[in-house]
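Next come the chains, spelled out residue by residue.
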Amino acid sequence: MRSQLAVQPPATLPERRREGAPRRDDVQLDAPSAADAAELASAAQAAQVRIAAAVRRAAGERARGALLALLLPVAALLAIEFSVRGGLLPSNLLPAPTQILDTLRDLGTRGLLSHIGASTVRVAAGFAGGALLAILLGATVGLSRHAEAILDPTFQALRAIPSLAWVPLLLLWLGIDEAPKIVLIAIGAFFPIYMGVASGIRGVDRKLIEVARLYRLSNIALTKRVLLPAALPAILTGLRNGLSLAWMFMVAAELIAASKGLGYLLSDGRETSRADIVLAAIFLLAILGKISDTLMAVIEKRSLAWRDSYA
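Residues numbered from 1 in each chain as written. Predicted model: local features only at pLDDT ≥ 70, side-chain atom pairs only at ≥ 80, totals over all residues. Heavy atoms only, no water.

J.: Help me out: how do you make sense of the packing of aromatic side chains in this one?
T.: We describe a pair of aromatic rings using the distance from one ring centre to the other and the angle between the two ring planes. A full pass over the atoms with the stated rule returns 4 aromatic pairs. Plain terms: the ring middles of Phe155 and Phe190 are 5.5 Å apart, the flat faces sit at 70° to each other, and that makes the pair edge-to-face. Of this pair, Phe155 sits in helix H5 (residues 145-159) while Phe190 sits in helix H7 (residues 178-202), and the two are 35 residues apart along the sequence. Here the aromatic rings of Phe155 and Tyr194 are separated by 5.0 Å at their centres, their planes lie at 75°, and the arrangement is edge-to-face. In this pair, Phe155 sits in helix H5 while Tyr194 sits in helix H7, placing the two residues 39 residues apart along the sequence. Like Tyr194, Phe155 is buried. (Phe/Tyr/Trp six-rings, centres within 6.5 Å; stacked < 30°, edge-to-face > 60°. Helix = DSSP H or I, 4+ residues; strand = E, 2+ residues; numbered from the N terminus. Buried < 20%, exposed > 50% of the residue type's maximum accessible area, 1.4 Å probe, protein only.)

J.: What is the right way to read the confidence of the model for the chain from this model?
T.: Averaged over every residue, the pLDDT of the chain is 84; the share at 70 or more is 88%. Per-element confidence in the chain is highest for helix H4 (residues 112-143), whose mean pLDDT is 94, and lowest for helix H1 (residues 13-18), whose mean pLDDT is 48. (pLDDT = per-residue confidence, 0-100.)

J.: Sorry, what's going on with helix H10 (residues 262-271) here?
T.: Since one α-helical turn is 3.6 residues long, residues separated by three or four positions face the same way. Along H10, the residues classified as buried are Leu262, Gly263, Leu265, Leu266, Ser267 and Gly269. Residues of H10 that are buried make contact with H4, helix H9 (219-256) and helix H11 (275-303). With its phi angle positive at about 55°, Ser273 sits one or two positions after the end of H10. (Contact = heavy atoms within 4.5 Å.)

J.: Mind showing me how you'd approach the nonpolar core here?
T.: Where a protein is soluble and globular, its nonpolar side chains tend to be buried together. Counting residues in hydrophobic clusters, the biggest one holds 52 residues, and the most contacted among them are Phe127, Leu184, Ile193 and Leu239. When contributions to this core are tallied by element, the ones reaching two or more residues are helix H3 (97-108), H4, helix H6 (163-174), H7, H9, H10 and H11. At 15 residues, H9 tops the list of elements feeding residues into this core. (Core = buried A, V, L, I, M, F, W, Y, C linked by side-chain atoms within 4.5 Å.)

J.: How should the side chain of Lys181 be read in this particular structure?
T.: Looking at the element boundaries, Lys181 is found in helix H7. Here Lys181 is buried and forms no salt bridge, its nearest opposite-charge partner Glu178 lying at an N-O distance of 4.6 Å. Each residue touching Lys181, except ones within four places of it in the same chain, is listed here: Arg122, Ile176, Ala253, Ala257 and Ala258. (Lys, Arg positive; Asp, Glu negative; His and termini not counted. Salt bridge = Lys/Arg side-chain N within 4 Å of Asp/Glu carboxyl O.)

J.: Just to check I follow, could you spell out a nonpolar patch on the surface for this structure?
T.: A contiguous nonpolar surface patch, about 510 Å² in accessible area, is contributed by Leu169, Leu172, Trp173, Leu174 and Val183. Residue contributions to the nonpolar patch peak at 4 residues, all from H6. Within the secondary structure, Leu172 sits in helix H6. (Patch = residues over 30% accessible without salt bridge, like charges linked within 9 Å, V, L, I, M, F, W, Y side chains within 5 Å. Areas by Shrake-Rupley, 256 points an atom, 1.4 Å probe, with all protein chains shown as cover.)

J.: Looking at this model, I keep getting lost on the pattern of salt bridges. Mind explaining?
T.: A side chain of one charge can pair with a side chain of the opposite charge when the charged atoms of the two come close. Scanning the entire structure with this criterion turns up 12 salt bridges. Residues Asp102 and Arg105 are paired through a salt bridge, measuring 2.1 Å at the closest nitrogen-oxygen approach. With a gap of 3 residues between them, Asp102 and Arg105 both fall in helix H3, about one helical turn apart. In this structure Arg105 comes out as exposed when scored by relative accessible area, which is 55%. Arg122 is paired through a salt bridge with Glu254; the nearest N and O atoms lie 2.5 Å apart. Here Glu254 lies in helix H9 and Arg122 lies in helix H4, a separation of 132 residues in the sequence. Comparing Arg122 with Glu254 shows no difference in burial state: the two are buried.

J.: Even after reading the chapter, I still don't get the environment of Gly175, so can you show me in this structure?
T.: As for its placement among the helices and strands, Gly175 is situated in the loop between H6 and H7. Along the backbone, Gly175 and Ala257 are 82 residues apart, and their C-alpha atoms lie at a distance of 9.5 Å. Apart from residues no more than four positions distant in its own chain, Gly175 is found in contact with Leu170 and Pro180.

J.: Where do I start with the packing of helix H8 (residues 206-214) against H9 in this structure?
T.: Between two packed helices, what matters for the description is the angle formed by their axes and the separation of those axes. Closest axis-to-axis distance for the H8/H9 pair is 11 Å, and the angle between their directions is 155°. Accordingly, the angle class assigned to the pair H8 and H9 is roughly antiparallel. Our pair here, H8 against H9, has a crossing hand that is right-handed. Of the residues in H9, those in contact with Leu208, Ile209, Ala212 and Arg213 of H8 are Asn219, Leu222, Val226, Leu227 and Ala230. When the residues that make up the contact of H8 with H9 are grouped by side-chain class, the tally is 7 nonpolar, 1 polar and 1 charged. (Axes fitted to C-alpha atoms, helices over the stretch in contact; angles between N-to-C directions. Parallel < 35°, antiparallel > 145°, perpendicular 65-115°, else oblique. Left-handed = near helix turned anticlockwise from the far one by under 90°. Nonpolar A, V, L, I, M, F, W, Y, C, P; charged D, E, K, R; others polar.)

Printed below as a string of structure tokens:
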């Protein structure tokens with residue numbers, strides 16, 4: 001009885017194959033039917049339609065945003081134009097926008113591009129120098145408590161000094177050439193970038209640092225993979241603020257000692273009582289500042305595309 005109830009051993013792989021068990025090589029996928037192919041084609045076409053609709057919707061939103069952005073300045077310019085034409089505002093103190101356009105055309109025939117180029121080069125040079133130094137020192141202060149105790153109080157005191165207070169000292173030290181202008185612009189760009197870098201690194205979540213330590217990341221890997229990505233929003237905000245202050249400090253530098261630039265045009269319009277020249281220079285400063293800020297905003301948006309933030 002025990003021999004009759006004995007469990008038979010399982011058949012080996014060759015025996016199963018001999019018995020007709022299907023092999024992996026013998027298994028073949030059935031070709032898609034015509035109905036499946038039509039369904040796949042319909043799904044792909046529907047996906048393309050949705051993508052095209054999303055692209056059109058995004059383009060429409062950008063167009064509406066541009067129109068809304070132009071609404072306030074266009075309304076203000078039209079109000080000023082009609083007020084000056086109607087005699088409500090004195091034209092010698094507040095020229096009409098059309099008169100300012102005539103002034104810009106006249107300045108264009110008398111070297112306006114050279115003034116714009118001189119101011120732009122000064123801002124670019126000063127901003128680059130100030131930003132580089134601010135990133136290095138801000139990262140040092142953010143990563144080291146000892147560096148923060150040594151450097152940060154002095155930088156906070158220097159940050160409170162007005163821009164015009166630096167001008168006489170820089171003129172005494174560096175003369176009236178390009179050096180004092182670029183240094184003054186660098187000073188203006190330094191402090192907001194320094195604050196953004198230092199506060200961004202110090203504001204990184206402590207739990208991220210602990211997880212990185214658990215994975216035994218080196219200091220370089222920790223800085224590259226954790227600290228910089230987490231502090232990047234504050235750093236880019238500091239760069240944008242520093243760029244706007246660079247334009248402001250450029251005007252302060254060119255108002256004191258310059259023979260070319262938009263700040264020089266402001267000073268020349270004041271000395272000759274030409275409000276149209278002053279407003280034309282202000283208009284150009286607004287346009288150049290907006291263009292540079294838009295470029296920084298594009299860089300910020302692409303650099304932070306990984307964020308899942310509120311829109």
